[in-house]
Amino acid sequence: MAGHRMANEADVPSPALLVYPDRIAANLARMVAMVGNPARLRPHVKTHKMAEVVRMHLAVGIRKFKCATIAEAEMTAAAGADEVLLAYQPVGPNIARLRQLTEKFARTRFAALCDDDGAGVAMAAAFADAPHPLAVYLDIDCGHARTGIVPGAGAAECYARLSTLRGITMAGLHVYDGHLHDSDPSLRRKNWEAAFAPVDALRRQLGMPPMVAGGSPTFPLHAACTDRECSPGTTVLWDFGYGDKLADVPCQHAALLLTRVISRPGRNRLCLDLGYKAVSADKAPPRARLLELPDAVHVVHNEEHLVVETPRAAEFAVGACLYALPAHICPTVSLHDEAVVVREGRAAERWAVTARRRQLTV
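Bear in mind that the values here come from a model prediction, so they are computed numbers and not experimental data.

(A) View of the overall build of the protein. Across its full length, the protein carries 10 helices and 16 strands. Computed over its C-alpha atoms, the radius of gyration of the protein comes to 22 Å, within 12% of the 21 Å expected for a compact globule of 362 residues. In terms of overall dimensions, the protein has C-alpha extents of about 70 × 45 × 35 Å along its principal axes. Taking the contacts inside the protein whose residues are at least 6 apart along the sequence as the reference set, 69% of them involve residues at least 24 apart. Between the averaged position of the 41 positive side-chain charges in the protein and that of its 38 negative side-chain charges there is a distance of 2 Å.

(B) Representation of the packing of aromatic side chains within the structure. This model, assessed by the stated rule, comprises 2 aromatic pairs. Between Trp238 and Tyr242, the aromatic rings sit 5.7 Å apart at their centres with planes inclined by 45°, giving tilted as the arrangement. Both residues of the pair, Trp238 and Tyr242, count as buried. The side chain of Arg99 reaches across the aromatic face of Phe127, ending 5.9 Å from its centre.

(C) Quick peek at the side chain of Arg97. Mapped onto the elements, Arg97 comes out in helix α4 (residues 93-104). Summary of buried charges: Arg97 has no salt-bridge partner, and the nearest side chain of opposite charge, Glu74, is 6.0 Å away. In this structure the side chain of Arg97 is engaged in a polar contact, spanning 3.2 Å, whose partner is the backbone oxygen of Arg358. Once residues within four sequence positions are removed from consideration, Arg97 is found in contact with Ile70, Ala71, Arg358, Gln359 and Val362.

(D) Examining the environment of Pro90 more closely. Structurally, Pro90 can be placed in the loop between β3 (83-86) and α4. For Pro90, a relative accessible area of 2% gives the class buried. Distance in space between the C-alpha atoms of Pro90 and Ala122 is 9.4 Å, their sequence separation being 32 residues. Once residues lying within four places of it in the same chain are set aside, the contact partners of Pro90 are Ile95, Leu98, Ala112, Leu113 and Met123.

What counts as what
- Residues numbered from 1 in each chain as written.
- Predicted model: local features only at pLDDT ≥ 70, side-chain atom pairs only at ≥ 80, totals over all residues.
- Heavy atoms only, no water.
- Helix = DSSP H or I, 4+ residues; strand = E, 2+ residues; numbered from the N terminus.
- Rg over C-alpha atoms; globule rule 2.2 N^0.38 Å.
- Contact = heavy atoms within 4.5 Å.
- Lys, Arg positive; Asp, Glu negative; His and termini not counted.
- Charge placed at Lys NZ, Arg CZ, Asp CG, Glu CD.
- Phe/Tyr/Trp six-rings, centres within 6.5 Å; stacked < 30°, edge-to-face > 60°.
- Buried < 20%, exposed > 50% of the residue type's maximum accessible area, 1.4 Å probe, protein only.
- Lys NZ or Arg CZ within 6 Å of the ring centre and 35° of its normal.
- Salt bridge = Lys/Arg side-chain N within 4 Å of Asp/Glu carboxyl O.
- Polar contact = N/O pair within 3.5 Å; in protein donor to acceptor, adjacent residues only side chain to side chain.

By themselves, these figures tell us nothing about what the structure is for.
Laid out in C-alpha cells, this is it:
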C-alpha cells in the first residue's frame, strides 16, 4: 500500500485506526460500476460504523443500507439514509427500540428480518398502530446455517403466514451466503450456483419478490444479476483476510493501524502497542500485517502488546512508527472510538466510530 505514511505521524497517539478517504471513494466508485446502478446497492455499515462514511455513500447515489444493530440503524438514519434494513431478527426490547427509530426518523424507511412466526407476531403487535407497517424480509438460510429458514415449502408457508399479519408487510427475501469464500473464483461460483438454486426456486414460487443477497466474497457474482440488491460490507475498507483470498474482488485497502515500538526485548524482537484491544483477535495470528516488516513472525499477542521476531529488529528504535493492515477490519474498527483521517499524506481530522456503541439515543 504505497503512500500510507503520515508526515505528521508524531502527532498521532498509538495505537490508532487510520482511514484514507481517497481509497474509500475509489472502492465506492468500483462498487457502483460493478452493479451498474447505485440503487442496486445496500451496503452493510457494520464494517465502518461511521456517519461520515455513510455520507460518502450518499454522495455517489447509494441511498439504502444494511446494519446489524439498533445503534448502527440510528447512526445510518441520522446520516441521511433513505432506507435501513436491520439485517437481524429483533427480539425482546429491540422490537420497541426499532419502533422508536421509525418515529424518530420518519423520513427513513426501516425494515427488519424474520425467520420465526413468534418473532413476526411480536413485531406485528408492536407496529399494529404505527402510521406505516414495518417492512419485513424473510431470512433464508442458503447453507451458512447461522440464521434463516432453509428454502422450500416451509419457507413459502412462513412467508404466507407472515403476510397475513397486520403491522408488518413482507418486503422480500434476505439471503446471506457468508460461507462461500473459496479462493478459486470458479469453485466459488460453482458453490454459489448450488446454494442459490433452491433460493431461486422459492423466489419463483413466491412470484419473484425483491431479494437482498450476498456479502463481499460473492459480490461480483450477485452484481452480475440485475434482479437483486447487493449487500457487501468489507468492500468499502477491505482487509488482508479477504485481500489475500479474493483476488477477483477489486478493492483497495482503505484502513490501517498505526503502532509504535514500545520495547526491544531481545536482539531479534520488537514489542508493539498493538494488542488485541486494538486489532481484532477473531482470526488466527498474524492478525495484522506490518507493512514495514511483512515477514515478521508474530510470537506473542496479548491485550496491549504484540511481540514479533525479525532479523531487522535493530533498524527500529523504541518509539518508531509502523503501519499495520488488519486481517479482519470490521471487528477491528469496533475497537476504536475514532478514526484518524489521512488526507494527502497527513493526519487531517478525526471521525467518530459512532455505532461501535450498543445504544445511541434509542
